[in-house]
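# Close look at the chain arrangement
Each chain is listed here by its residues.
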Amino acid sequence: MKPLSFILLMLVFAMQYSLWVGKASWLRVLQVDQEVVAARKNNLQLQARNNKLEAEVNDLKQGLEAIEERARSDLGMIKEGEVLFQIVRNAQPQTSQPDIAP
C-alpha cells in the first residue's frame, strides 16, 4: 500500500508541475494578461494619434486654408501686399537712472 500511495503522490506532483512552474503556468498567464492590457492601451493611444494625423492629411489635401495656415505659422510666409509687424520685447526691462554730471 505504501509504494502505491507514493506512486500516486508522485503522479499528482508531476501533473501539478506544469500548472505552477511550466511554460503555461499561472504566473506566466497573469504576466501575459498584463502585457495584453498594456499593448491595448498603447494601441488606443497610437490609434488616436493616427486619427489625428489622418484628419490633418485630409485637411491638407482638400483645403487651401490649412496649407496657408501651415505656411504662415511654420515658415513665416505672408501674402502679397501684406505687411508683417514683428514686436520684439527686451529680455530685461530698462531701468532709468538720472545722469549725474560731476
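So, here's what we can say about the structure. Since the model is a prediction, treat every value here as computed from it, not as a measurement.

This next bit is on the overall build of the protein. The number of helices and strands found in the protein is three helices and zero strands. Traced from its N-terminal end to its C-terminal end, the protein shows the element sequence α-α-α. Taking the principal axes of the C-alpha coordinates as reference, the protein spans close to 115 × 60 × 10 Å. Taken over 102 residues, the protein has a buried fraction of 5%. Surface accessibility of the protein: about 10,500 Å² in total, with carbon and sulfur atoms responsible for 61%.

What follows is about the pattern of salt bridges. Within this structure, the stated rule accounts for two salt bridges. For R72, the salt bridge is made with E68, and the minimal N-O distance between the two is 3.3 Å. Taken together, the residues R72 and E68, both in helix α3 (residues 64–75) and four residues apart, mark about one turn of the helix. Judged by its relative accessible area of 33%, R72 is partly exposed. Between R72 and E82 there is a salt bridge, with the nearest N and O atoms lying 3.0 Å from each other.

As a packed pair, helix α2 (residues 26–62) and α3 sit with axes 5 Å apart at the nearest point and diverge in direction by 105 degrees. When the interaxial angle is binned, α2 and α3 end up roughly perpendicular. Residues E56, D59, L60 and Q62 of α2 form the contact with α3, whose participating residues are L64, A66, I67 and R70. In the contact of α2 with α3, the residues fall into four nonpolar, one polar and three charged.

So, on to the environment of L9. Counting through the fold element by element, L9 comes out in helix α1 (residues 2–20). Judged by its relative accessible area of 42%, L9 is partly exposed. Along the sequence, L9 and V37 sit 28 residues apart, while their C-alpha atoms lie 38 Å from each other.

The residue P3 is located in helix α1 in this model. By relative accessible area, which is 55% here, P3 ends up exposed. Along the primary structure P3 and E82 are separated by 79 residues, whereas in three dimensions their C-alpha atoms are 100 Å apart.

We now examine α3. A rise of 1.5 Å per residue sets the reference length of α3, with its twelve residues, at 16 Å; its end C-alpha atoms lie 16 Å apart and thus fit the reference within 8%. Within two residues after α3, G76 carries a phi angle of roughly 70 degrees, on the positive side.

Reading the values: the criteria
Residues numbered from 1 in each chain as written. Predicted model: local features only at pLDDT ≥ 70, side-chain atom pairs only at ≥ 80, totals over all residues. Heavy atoms only, no water. Helix = DSSP H or I, 4+ residues; strand = E, 2+ residues; numbered from the N terminus. Buried < 20%, exposed > 50% of the residue type's maximum accessible area, 1.4 Å probe, protein only. Areas by Shrake-Rupley, 256 points an atom, 1.4 Å probe, with all protein chains shown as cover. Salt bridge = Lys/Arg side-chain N within 4 Å of Asp/Glu carboxyl O. Axes fitted to C-alpha atoms, helices over the stretch in contact; angles between N-to-C directions. Parallel < 35°, antiparallel > 145°, perpendicular 65-115°, else oblique. Contact = heavy atoms within 4.5 Å. Nonpolar A, V, L, I, M, F, W, Y, C, P; charged D, E, K, R; others polar. Expected span 1.5 Å × (residues − 1).

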